Amino acid sequence: MNRDELEEVCRIVRTDIIEMIYHAGSGHPGGSLSAVELLAGLYFGGILKIDPKNPKWEERDYFILSKGHVAPVLYSVLARKGFFPVEELKTLRKMGSILQGHPHMSRTPGLDCSGGSLGQGLSIANGIALSCKMQKKGNRIYCLMGDGELQEGQIWEAVMTAAQHRLDNLCAIVDYNHIQLDGNLEEIKNLGDLTEKWADFGWNVLEINGHDIGEVLLAYQSAQMQKEKPTVIIANTVKGKGVSFMENDCNWHGNAPDNEQYKRAVSEIRREEV
Amino acid sequence: MEKEKIPMRDGYGRALLKLAEEKKNLIVMDADVAKSTRTVWIREQYPEKFIDMGIAEQDMVGTAAGLALGGMLPFATTYGVFLAGRAWDQIRTTICYNHLNVKLAGAHAGISVGADGATHQSLEDVALMRVLPDMTVVVPCDAYETEKATLAIAEQEGPCFIRFGREAVPVVTKKESPFILGKANIMREGKDIVLFANGAMVQEGLNAAESLEKEGIDLMVVNVHTVKPLDTEAILEATKKTGCVLTAEEHQAAGGMGSAIAEFLVQNYPVPMKIIGVEDSFGESGKPEELMEKYGLTSEQIYKEARNLLKKRGE
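Owing to the predicted nature of the structure, the values given are computational and were not obtained by experimental measurement.

What counts, and where the lines are drawn
Residues numbered from 1 in each chain as written. Chains lettered and ligands numbered in written order. Predicted model: local features only at pLDDT ≥ 70, side-chain atom pairs only at ≥ 80, totals over all residues. Helix = DSSP H or I, 4+ residues; strand = E, 2+ residues; numbered from the N terminus. Rg over C-alpha atoms; globule rule 2.2 N^0.38 Å. Buried ≥ 20, exposed ≤ 12 C-beta atoms within 10 Å, placed from the backbone. Contact = placed C-beta atoms within 7 Å. Pairing = 2+ DSSP bridges. Axes fitted to C-alpha atoms, helices over the stretch in contact; angles between N-to-C directions. Domains from an automatic or database assignment. Core = buried A, V, L, I, M, F, W, Y, C linked by C-beta atoms within 7 Å. UniProt positions renumbered as here; feature names shortened; annotations may be inferred.

1. Here's the deal with the overall build of chain A
Part 1 of the reasoning: Within chain A, the regular secondary structure consists of ten helices and seven strands.
Part 2 of the reasoning: Compactness check: chain A gives a C-alpha radius of gyration of 17 Å against a globular reference of 19 Å for 274 residues, within 12% of the reference.
Part 3 of the reasoning: If you line up chain A on its principal axes, its C-alpha atoms span 50 × 45 × 35 Å.
Part 4 of the reasoning: Across the 274 residues that make up chain A, the buried fraction comes to 51%.
Part 5 of the reasoning: Pairs at least 24 residues apart make up 75% of the contacts formed inside chain A by residues separated by at least 6 positions.

Next comes the structure, spelled out in C-alpha cells:
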C-alpha cells in the first residue's frame, strides 16, 4: 500500500472506532484514535507477517495489545484485514459478541493474547520472544503500550528482562499521548525523559511522530534491522486524534459519543478525504 | 519406627530433573530463590532450560504466559506467598483467563517455614488460587507425592498450582503409591469420623488416628492432595460412611481445602464438621515444630477436635 492508501485505511479505522463505541454506548475512543497509524502501519504496511485465514499460523508475527482498553482500534484493523466479518464490529461489548470490552484471545480470531489489566503485555511479549529464540524461530513480536501504563512497575521489570535476554526479535511501541483517564500524565505521575529512560535500560530507542504513517513504517523497518537489543518506538501522538473535540481531552478517554457528537465526529473524519 | 524425613521441595526438584529429560519444551523459572526451591538442580544440569527472572514475580508470571503461548512448558517457581499473592492478577487475567499451560510452584508453603516469620509463611495461597476459574490446585503430603504431583501437572493441560513446604517431613506414602490428580487417597480406613487432610497434616492425622484408636475411636484418614478439582465422590462416600468430618491443613482455616469441602458438603450432605487450620492470624518466627503446636497444626489438635466433635454429636 502506498501512503495515500494507508491514510485512507486510517480514516476507515477511525470511523469504525467512533461507530463501534457509539453503538456500544461505552468504550475508549481517545487512546484508540491515538494508536490508529501505529496499528494501520503494522497490519497494512507490510510489517506483520500474518495470514487472516490462518490466525494461529506458526510462522506468524505476534502482536500483543498491552493497553487492552483500546480494543476498538485493534478490532477494526483485524476486521478490515479479514480475520472476521466487518459486520461483527457492531456487536462490540454486547452479550455473546466475539468482541469483548477488553480483548479475550479465545473469542476473537487474530488476537495473540488477552489484555485489559494494564502493565502485563510486555512480559507476555518477552515470553513469546524468548520462546521463539529458544526454538530458533524467526517470528517477530510487537507490543503496544499506553504511556499511562508505564506507571505500572511490572513494565519496568519487563524492560529489564528484554534487555537482559537481548530480545532483538521484539519491538515495543509506546503510544505517548500524555493523557490518562484522570487527567494529564505529567500532573499525575510524570514519566520523565522516556527516550533516555529506555536507552539507559539498554534498549534501542526510536522517537517518531506517531501520526505520520511514513515515519511509523520507517521505524518498524529500522527495528527489524536492530541486532542484540530490543527496540522501543516512542510514538508522539495526540489522544483523540482526528476528532477535534476529543483531542487532548481526558474526558474522552473512556466515554461514548451521543448521537450528535457521533455525527460530528464521523463527518470530521470523513471530511479529511476531500 | 521413625519414618524417613525428606523435604517436599526435593521431590519437586527431582521431578523437574525427570521432566528435563522427557519434555523438550520444559523451561524452569525462578525469582532469585533457586537454591531454596531446588530449581538450582536444573540450573546446574540443564542451564539452557533455566531462566532466573530476578526478584520480579509479576514479570516472571507474565513471561511464563508468553513462553506458554510460544509452545513452551514453563514451571514458574518461587515462595508461595510471593507467587500466589504478589502475582495474583497476572495469574488470574493472563494465565487462567487464557487457559495457558503454565505451571506455578509455590515453595515454602505453610507456617513450618519457621524462623523467617510471617512475611514468608504462605497461609493464604490455596484460597487465592482455588477461587480462580480453570486453576488446578495440588497440595502434596510428602516428597514422593510432590514428585508425582509435579509430573502429573506437567501432563495436565492448563494452569496448575502446586504448593509444598520447606522442612524435612516424614515420608507418608510409598514410591509405588498411586497418584492421580483429582483422586483423593484413603490413607487409613475408619468408621467413626473422617479426617480430610493434605500436606504435612496427613502425617499428623495418621498419628492422631493411633491415639484415638486406643480410646476405641476409629478415624478414617483421607489425603485430599488435589484441592481443585475436588474429589467430591470420595468425599461424599467417606462422609456418608462416618457422618462426621474433620479437616486439617497448613493454611488459614478460611478459604482452603476445609472450606472447599464445607462448600460441597453443606449443599449436598451436611454433617457435623470442624475445620482445623490457622485461625485468622499471621504466623511469627520460631522453630517449625513450635509454630505448628502454637497454631494448632498437630496430631494432638486433631485428637482433641475429634473428641469434641463426637461429644457434639452426642456420643
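2. Observations regarding the pairing of strand 7 (residues 160-163) of chain B
All names here are of chain B.
Part 1 of the reasoning: Burial along strand 7 is two-sided: the residues Cys160 and Ile162 and Phe161 and Arg163 are all buried.
Part 2 of the reasoning: Relative to strand 7, strand 5 (residues 103-107) is paired through four bridges, and the arrangement is parallel. Within strand 7, the residue paired with Lys103 across the bridge is Cys160.

3. Quick notes on the sheet that holds strand 14 (residues 273-278) of chain B
Residues and elements named next belong to chain B.
Part 1 of the reasoning: One open sheet holds the five strands; their spatial order is 9-11-10-13-14, and the pairing between them is mixed. Of all the strands in the sheet, just strand 9 (185-188) and strand 14 have a single pairing partner and so form its edges. On average, each strand axis in the sheet is inclined to that of its neighbour by 25°, with strand direction left out of account.

4. Re the domain arrangement of chain B
All names here are of chain B.
Part 1 of the reasoning: Examined at the domain level, chain B breaks down into domain 1 (5-170) and domain 2 (185-313).
Part 2 of the reasoning: For domain 1 and domain 2, the distance between their C-alpha centres works out to 25 Å.
Part 3 of the reasoning: Each side of the interface is counted separately: domain 1 has 27 residues, and domain 2 has 30 residues.
Part 4 of the reasoning: Among the elements of the structure, helix 7 (125-130), strand 6 (136-138), helix 8 (143-155) and strand 8 (168-170) are those that each provide at least two residues to the side of domain 1 that touches domain 2.

5. Things to note about the nonpolar core
Burial of nonpolar side chains together is a common tendency in soluble globular proteins.
Part 1 of the reasoning: Counting 185 residues, the largest nonpolar core has Ile173(A) and Leu195(B) as the members making the most contacts within it.
Part 2 of the reasoning: When residues of this core are assigned to their parent elements, the largest contribution, eight residues, is made by helix 1 (residues 3-24) of chain A.
Part 3 of the reasoning: No fewer than three residues from each of domain 1 (5-170) and domain 2 (185-313) of chain B sit in this core.
Part 4 of the reasoning: If sequence neighbours within four positions are ignored, Ile173(A) has contacts with Leu38(A), Tyr142(A), Cys143(A), Leu144(A), Met145(A), Ile233(A) and Ala235(A).

6. A word on the sheet that holds strand 7 (residues 231-236) of chain A
Residues and elements named next belong to chain A.
Part 1 of the reasoning: The parallel open sheet is built from five strands, whose spatial order is 1-2-3-7-6. Lying at the two open borders of the sheet, with one neighbouring strand each, are strand 1 (62-65) and strand 6 (204-209). Pairwise comparison of adjacent strand axes, ignoring direction, gives a mean angle of 20° for this sheet.
Part 2 of the reasoning: Here six bridges tie strand 3 (residues 170-176) to strand 7, and the two strands are oriented parallel to one another. The residue of strand 7 that forms the bridge with Cys171 is Thr231.
Part 3 of the reasoning: Strand contacts of helix 9 (residues 213-225): strand 3, strand 6 and strand 7, with the helix running at about 170° to strand 6, the strand carrying the most contacts.

7. A closer look at the UniProt feature "domain: Transketolase N-terminal" (unreviewed entry) in chain A
Part 1 of the reasoning: Following the UniProt record, the feature "domain: Transketolase N-terminal" (unreviewed entry) maps to residues 11-262 of chain A here.
Part 2 of the reasoning: Along residues 11-262 of chain A, the helical share is 37% and the strand share 13%, with 15 Å between the first and last C-alpha atoms.

8. Structural notes on the interface of chain B and chain A
Part 1 of the reasoning: At the junction of the two partners, chain B supplies 21 residues and chain A supplies 23 residues.
Part 2 of the reasoning: No other element matches helix 4 (residues 57-69) of chain B, which puts nine residues into the side of chain B that touches chain A.

9. Points about unusual backbone geometry
All names here are of chain B.
Part 1 of the reasoning: Between Lys228 and Pro229 the backbone carries a cis peptide bond, its omega angle lying at 0°.
Part 2 of the reasoning: Mapped onto the fold, Pro229 is located in the loop between strand 12 (226-228) and helix 10 (232-242).
Part 3 of the reasoning: One non-glycine residue, Asp32, lies in the positive phi region at around 70°.
Part 4 of the reasoning: Classification of Asp32 by C-beta neighbours within 10 Å gives partly exposed; the count is 14.
Part 5 of the reasoning: With a phi close to 50°, His99 is a non-glycine residue in the positive phi region.
Part 6 of the reasoning: Among the structural elements, His99 can be located in the loop between helix 6 (88-96) and strand 5.
Part 7 of the reasoning: Given 15 C-beta atoms within 10 Å, His99 falls into the partly exposed group.

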